[in-house]
Amino acid sequence: MTPDTPQSGRFVGGEHRFAVRVYFEDTDLSGVVYHANYLRYMERARSDMLRVAGVDQRAAHEAGEGAYVVRDLRIRYAAPARLDDALVVVSTITRIRAASVDIHQRVMRDGVVLTDAQVEVAFVAPSGRARRQPAKWVEAFDAVSEKGKPS
């Protein structure tokens, strides 16, 4: 890795861990992270998780195969993050289906859960209709998920 390569997250067991720093632009007038920015942190972490797992979203999109979209999202805010906080987004694949993946995501500071979300991403064709995700992607998810780890 060269010094100019962006830092990447990593898998620890079945969890993908992605570090985030809170910048001034992330906060609202009260000095805490604006609620929608937690979704940005989670999106970056999911994209990084897929890349680290070996899922090439860009190639699939450019080949006209399709792309992932958020189909369902449930989020709970437990505590605020503030300017300059060092956060980690912890993502865990909880369920893999033919055309979608469920991901549990937590934004944490020093081991404390600030935000907790359940996200379902669906693989869709360019037409917008759900379609079976590539088999090699399902294999990649199995390999990095708890389901894919030996007991």
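Now for a quick tour of the structure. (Residues numbered from 1 in each chain as written. Predicted model: local features only at pLDDT ≥ 70, side-chain atom pairs only at ≥ 80, totals over all residues. Heavy atoms only, no water.)

1. Some thoughts on a nonpolar patch on the surface
Part 1 of the argument: Together, L39, V70, L73 and Y77 line one region of the surface with nonpolar side chains, adding up to about 300 Å² of accessible area.
Part 2 of the argument: Counting residues per element, the nonpolar patch draws most heavily on strand β3 (residues 67–77), at three residues.
Part 3 of the argument: Examined against the element boundaries, L73 turns out to sit in strand β3. (Patch = residues over 30% accessible without salt bridge, like charges linked within 9 Å, V, L, I, M, F, W, Y side chains within 5 Å. Areas by Shrake-Rupley, 256 points an atom, 1.4 Å probe, with all protein chains shown as cover. Salt bridge = Lys/Arg side-chain N within 4 Å of Asp/Glu carboxyl O. Helix = DSSP H or I, 4+ residues; strand = E, 2+ residues; numbered from the N terminus.)

2. Some details on the packing of aromatic side chains
Part 1 of the argument: Using the criterion set out here, one finds six aromatic pairs in the structure.
Part 2 of the argument: Considering the side-chain rings of Y68 and F141, the 6.5 Å spacing of their centres and the 55° angle between planes classify their relative orientation as tilted. Of this pair, Y68 sits in strand β3 while F141 sits in helix α3 (residues 135–144), and the two are 73 residues apart along the sequence.
Part 3 of the argument: Among the aromatic residues, those joined into a ring-pair cluster are Y68, F123, W137 and F141. (Phe/Tyr/Trp six-rings, centres within 6.5 Å; stacked < 30°, edge-to-face > 60°.)

3. Comments concerning the environment of S91
Part 1 of the argument: For S91, the location among the structural elements is in strand β4 (residues 86–96).
Part 2 of the argument: Distance from S91 to H16, taken between C-alpha atoms, is 5.1 Å for residues 75 residues apart in sequence.
Part 3 of the argument: Once you skip the residues sitting within four places of it in the chain, S91 turns out to touch G14, E15, H16, A45, M49, I103, H104 and Q105.
Part 4 of the argument: Polar contacts involving the side chain of S91 include one to the side chain of Q105, which spans 2.8 Å. (Contact = heavy atoms within 4.5 Å. Polar contact = N/O pair within 3.5 Å; in protein donor to acceptor, adjacent residues only side chain to side chain.)

4. Observations regarding the environment of A59
Part 1 of the argument: Inspection of the secondary structure assignment puts A59 in helix α2 (residues 57–62).
Part 2 of the argument: The sequence separation of A59 and D28 amounts to 31 residues, and the corresponding C-alpha distance is 36 Å.

5. Side note on the nonpolar core
Part 1 of the argument: In terms of nonpolar packing, the biggest core is built from 31 residues, with Y41, Y68, L87, V89 and F141 touching the most fellow members.
Part 2 of the argument: Every element with two or more residues in this core is listed here: β2 (15–21), α1 (35–53), β4, β5 (100–109), β6 (112–124) and α3.
Part 3 of the argument: Here this core takes seven residues from α1, the largest share from any one element.
Part 4 of the argument: Not counting residues within four places of it along the chain, the set of residues in contact with V89 comprises H16, R17, F18, V20, Y41, M42, A45, Q105, R106 and V107. (Core = buried A, V, L, I, M, F, W, Y, C linked by side-chain atoms within 4.5 Å. Buried < 20%, exposed > 50% of the residue type's maximum accessible area, 1.4 Å probe, protein only.)

6. Comments concerning the pairing of β6
Part 1 of the argument: Counting buried residues in β6 gives ten out of 13 residues, a clear majority hidden from the surface.
Part 2 of the argument: As judged from the ten bridges shared by β3 and β6, these two strands associate in the antiparallel manner. Bridged to V70 within β6 is V121.
Part 3 of the argument: Of the strand pairs in this sheet, β5 and β6 are connected by ten bridges, and their pairing is antiparallel. Its bridge partner lying in β6, H104 is registered against Q118.
Part 4 of the argument: Between β5 and the antiparallel strand that follows it, β6, lie two residues; D110 among them carries a positive phi value of about 50°. (Pairing = 2+ DSSP bridges.)

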